[in-house]
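Residues per chain are reported as follows:
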Amino acid sequence: MKKLLLLPFFASLLGAENVTVKITKDIPYVYTTDSGKKVKVERIQDVNNRLTDDYTKTSRPCPPFCVQATKIDPEIKNFEELELLNFMQHEVKDGTGVIIDARLKSWYELESIPSAINLPFPIILHATKSKAEQIFKLLGMTIDKDGTWNFSKAKTLAVYCNGVWCGQTKHFMTGILKYHYPKSKLRYYRSGFQGWKLLGLTTIVHKEIKKK
Amino acid sequence: MLNQDEYNQDEYNDYYKNETKESELKSFIKQKEKGFGGKLIALLILMVLAIAGYFGYNTMKNSSNSDALPQTTQETVTENKLQKETNSSSKKTTLQPEVSKQEVKEKVQTQEEVTEESTAGATNVQEEKATATNLSTVQEEVVKAVSTESTKMSPKEIANVVKAVMEQMNQKREKTDVQAQTVTTKDGELMNKLSSSEVDSVSSDLEKSLNDTNIDENTHVNNTEKQVDVYNKVNVQDVKGSDTLSQLAKQITDITNEAISQNVEEKEEGQDKKINYTQNLKKELITRENEMRIIVVQKGDTLGKLAKRAYGNVMEYKKIYQANPEITRPDRIYVGQKIRIPN
């Protein structure tokens, strides 16, 4: 009987050995959902892996692709990978937060961060009041009896784009702040998709481009 | 909430402590070596082992492996050698695990021999499969031995056996890592020496060997099934979810599509009008699309053939080879494999 009790312990030891490249010392991977599918978010386990011809382009004309300021707004908190993973596991899971991919739809479709939904920056930047209302309602905003937009139950948005050279998040923030979305409910993942890729973290492909 | 800075500081402190302890012990050994002799050294080594602990030691070893480049002897590889390697590897048969009814420790020894054999040559998927099969057999044996009452093993013995199995797994992982780099370096050198015609002839031979055997196809079938490739990309192209998040995504996508149909993406305001940001983004998208372009390997495909099809020149296969680091040898592609075709 004692031997049987020891089995799960040894099995867990063997299982734990499989994760060579953990996210942190204590977190080997996390789970989230995307398109209704359970997704294991982990890092590439091949210790010899390099990014090759995949988000490795270093130089684009500036302007418009200039290095972004560290903060978009003093009141908007910045996020990095660990905060985003934590957000994924808590706020996204319980429905109080959403990860927003602010890039153009075509960029999002090629590859994105797990559980992120796409709200391209031009849609928000050029939204009419009624369109903004429609979008904000989906994001949890309510309308008071006097017609005031009430953001108390609005979701927290963790917004990202391509990375430090990309201004799509900044444009998104400009658009959403125009309609007074609370700054306390906005987060900026500045390293963006390139930072995510650099760590070999799991990504989602919505549209595969096949060549014959 | 996790704090990255704090975490990194803790990790650094732990690492630094271990480093300091090691260096202190080394200097202590040097000082006392003359006075106390071999016994004291042996005692100190045991102490170091006890402090480091088994798992801590493994972690340190893994991290140092990932940083250090393996030093390998470079061989001059000729076309004949490549052909020889290819032929011999295609002729190799799958190693069958021998299940002994003797003690489990004997099984671990057998496993050691098999692992040594399998890692002796170039990286071979078939050998890896055999090693993995043997490893799982050893594990099964352990489970069987523990669960049957007839086998009398104390928990300590079980712990020893499991530890031995884990050591085997670690050794195997290290050897595979070193081999992968060795083979890649060797191939890089080989590629530079081959002429266009040589690549063509090698390609046709390899095509033949590919047709003769479906080893790789069978080995990699699980990866395709899981929809997760070696780059941790999960393909959800044909997946439609019905959970709350998916529904929200769908509703927002509908709004997005409607706006796109009204050319909202094309609108530019103020300074942006001059810069035309979205147009520039779309230009950059072409680069990205080219990076993301893949082909699915069909029967008879070789890197040379794919290069000829994509770029009109067989020698351009290097481009494809370099853009796909999971291909450890140019002749090792399999039917159904997704390969990136760079621009």
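Reading guide: rules and limits
Residues numbered from 1 in each chain as written. Chains lettered and ligands numbered in written order. Predicted model: local features only at pLDDT ≥ 70, side-chain atom pairs only at ≥ 80, totals over all residues. Helix = DSSP H or I, 4+ residues; strand = E, 2+ residues; numbered from the N terminus. Buried ≥ 20, exposed ≤ 12 C-beta atoms within 10 Å, placed from the backbone. Contact = placed C-beta atoms within 7 Å. Pairing = 2+ DSSP bridges. Core = buried A, V, L, I, M, F, W, Y, C linked by C-beta atoms within 7 Å. Arc of directions from axis to C-beta. Axes fitted to C-alpha atoms, helices over the stretch in contact; angles between N-to-C directions. Parallel < 35°, antiparallel > 145°, perpendicular 65-115°, else oblique. pLDDT = per-residue confidence, 0-100.

(A) Highlighting the overall build of chain A. Per the secondary structure count, chain A includes seven helices and ten strands. Across the 212 residues in chain A, those meeting the buried criterion constitute 39%. Considering only intrachain contacts with a sequence separation of at least 6, the fraction spanning at least 24 residues in chain A is 68%.

(B) Expanded view of the overall build of chain B. Scanning chain B for helices and strands turns up 15 helices and three strands. Considering only contacts in chain B between residues 6 or more positions apart, those separated by 24 or more positions represent 68%.

(C) How the structure looks around the sheet that holds strand β3 (residues 77–79) of chain A. Residues and elements named next belong to chain A. Reading across the sheet, the five strands line up as β3-β9-β8-β4-β5 and stay open at both edges, with parallel pairing between neighbours. Every interior strand has two partners, whereas the edge strands, β3 and β5 (117–118), have only one. Here strand β8 (residues 156–160) pairs with strand β9 (residues 186–189) via four bridges, running parallel. Across the sheet, L157 pairs through a bridge with L186, a residue of β9.

(D) Layout of the nonpolar core. Ranked by size, the top nonpolar core spans 51 residues in total, and within it A:I99, A:I100, A:A102, A:I124, A:A158 and A:V159 carry the most contacts. Ranked by the residues each element gives to this core, the list is headed by helix α2 (residues 81–94) of chain A, at five residues. The contacts of A:I124, once residues within four sequence positions are left out, are A:L119, A:F172, A:G175 and A:I176. B:V314, B:Y321, B:I333 and B:I341 belong to the second largest nonpolar core, which has 13 residues in total.

(E) Quick look at helix α6 (residues 168–178) of chain A. Turning to α6(A), its buried residues number three or more, namely A:Q168, A:T169, A:H171, A:F172, A:M173, A:G175 and A:I176. Contact partners of the buried residues in α6(A): α4 (121–125), β8 and β9 of chain A.

(F) Up close: helix α14 (residues 303–311) of chain B. All names here are of chain B. The set of residues buried in α14 consists of L303, G304, L306 and A307. Along α14, the residues classed as buried sweep out an arc of 160° about the axis, all on the same side. Backbone geometry just downstream of α14 places G312 in the positive-phi region, at approximately 80°.

(G) View of the pairing of strand β2 (residues 37–41) of chain A. All names here are of chain A. Relative to β2, strand β1 (residues 30–34) runs antiparallel, the two being bridged by five bridges. Bridge assignment links T33 to a residue of β2, and that residue is K38. Turn length for the β1-β2 hairpin, with the two strands adjacent in sequence and antiparallel, is two residues, and the turn residue S35 shows positive phi of about 55°.

(H) Representation of the packing of helix α5 (residues 129–138) of chain A against helix α11 (residues 244–261) of chain B within the structure. Put simply, α5(A) and α11(B) touch, their axes get as near as 10 Å, and they point 170° apart. When the interaxial angle is binned, α5(A) and α11(B) end up roughly antiparallel. When α5(A) is examined against α11(B), the residues A:Q134, A:I135 and A:L138 are found in contact with a partner set consisting of B:L248, B:Q251, B:I252 and B:I255.

(I) Quick peek at the confidence of the model for chain B. Residue and element names in this part refer to chain B. Per-chain confidence: chain B averages 61 in pLDDT, with 35% of residues scoring 70 or above. When pLDDT is averaged over each element of chain B, α11 comes out on top at 92 and helix α9 (residues 215–219) at the bottom at 37. This stretch, residues 1–7, has a pLDDT under 50; its non-local contacts, to residues over four places away or in other chains, come to eight contacts.

(J) Up close: the environment of A:V41. All names here are of chain A. Assignment of secondary structure puts V41 in strand β2. The exposure class of V41 is buried, given the 25 C-beta atoms found within 10 Å. Along the backbone, V41 and T203 are 162 residues apart, and their C-alpha atoms lie at a distance of 8.0 Å. When residues no more than four places from it in sequence are discounted, the contact partners of V41 are Y29, V30, T32, L85, P114, L201 and T202.

(K) Local environment of unusual backbone geometry. All names here are of chain A. In this structure, the amide linkage connecting C62 to the following residue, P63, adopts the cis form with an omega of -5°. Looking at where P63 falls in the secondary structure, it is placed in the loop between β2 and β3. Residue P63 is joined to P64 through a cis peptide bond whose omega torsion reads 10°. Within the fold, P64 resides in the loop between β2 and β3. Although it is not a glycine, S115 adopts a positive phi angle of roughly 75°. Topologically, S115 is positioned in the loop between α3 (105–110) and β5. Owing to 22 C-beta atoms within 10 Å, S115 belongs among the buried residues under this scheme. At H180, a residue that is not glycine, the phi angle is positive and equals roughly 65°. Locating H180 in the fold gives a position in the loop between α6 and β9.

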